[in-house]
Amino acid sequence: MHKSKNICGNEEHVAGHETELEMKPLTENLSKVKLMAKSRCSKFDFEDALKKTLVEVKGRKMRSDECDATHINVEKMQNADTSKTICFFFKFTDGVKCVQCDKEVFDAFKTKATCLKHRGCHVKNVCIPTATSVGVG
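The model shown is predicted, which means the values in this text are computed figures rather than measured ones. (Residues numbered from 1 in each chain as written. Predicted model: local features only at pLDDT ≥ 70, side-chain atom pairs only at ≥ 80, totals over all residues. Heavy atoms only, no water.)

Engineer: Can you lay out the packing of aromatic side chains for me, pointing to particular residues and giving the numbers?
Structural biologist: For the structure shown, the criterion picks out 4 aromatic pairs. Three or more aromatic residues joined by ring pairs form one cluster here, namely Phe-44, Phe-88, Phe-90, Phe-92 and Phe-106. Cation over ring: Lys-76 sits above Phe-44, and NZ or CZ is 5.5 Å from the ring centre. (Phe/Tyr/Trp six-rings, centres within 6.5 Å; stacked < 30°, edge-to-face > 60°. Lys NZ or Arg CZ within 6 Å of the ring centre and 35° of its normal.)

Below, the structure is given as structure tokens:
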């Protein structure tokens, strides 16, 4: 597999960027479109302007059946273009799950405050039930 130059700074961001690069061909194949990487400061990893789709890829260091839900920071959808389809791809150790939703569906998921000890802060997350995810790949 070809490795691109990693533009990220810390270890967590490097791992996330590597997962994005690894998952890009699968996400393109499933959505049947060519995805363009968004800038490092963008809220989403990829976008297809023609089909109006935003894609976010998240790596998880556990099996998909180890928890009832996976989490996304609530800020992910703040100021998101609600006219676009949003696809979240979660890469678990046992496979990939996908959730496609709009802002209304995203806002209907439960929220939970989470302490990120490695960052020294509390964040508000949206709990996306893994049962709503579709296994792919």
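Engineer: Pulling in residues and values, what's your account of the nonpolar core?
Structural biologist: In terms of nonpolar packing, the biggest core is built from 15 residues, with Phe-44, Met-77, Phe-88, Phe-90, Phe-106 and Ile-128 touching the most fellow members. Counting residues per element, the ones that place at least two in this core are β5 (85–92), β6 (95–101) and β8 (121–129). Examining the composition of this core, we find that 4 residues originate from one element, β5, more than from any other. Ignoring anything within four residues of it in the chain, the contact list for Phe-88 reads Phe-44, Glu-56, Ile-72, Lys-76, Met-77, Lys-97, Cys-98, Val-99, Cys-101, Phe-106 and Ile-128. Ranked by size, the runner-up nonpolar core spans 10 residues in total, among them Val-55, Cys-87, Phe-89 and Cys-98. (Core = buried A, V, L, I, M, F, W, Y, C linked by side-chain atoms within 4.5 Å. Buried < 20%, exposed > 50% of the residue type's maximum accessible area, 1.4 Å probe, protein only. Helix = DSSP H or I, 4+ residues; strand = E, 2+ residues; numbered from the N terminus. Contact = heavy atoms within 4.5 Å.)

Engineer: Any details on the side chain of Lys-24? Residues and values, ideally.
Structural biologist: Positionally, Lys-24 belongs in helix α1 (residues 11–31). What Lys-24 contacts, discounting residues up to four positions off in sequence, is Lys-34, Leu-35 and Phe-46.

Note that every value here comes from positions in space, so none of it alone points to a role or purpose.
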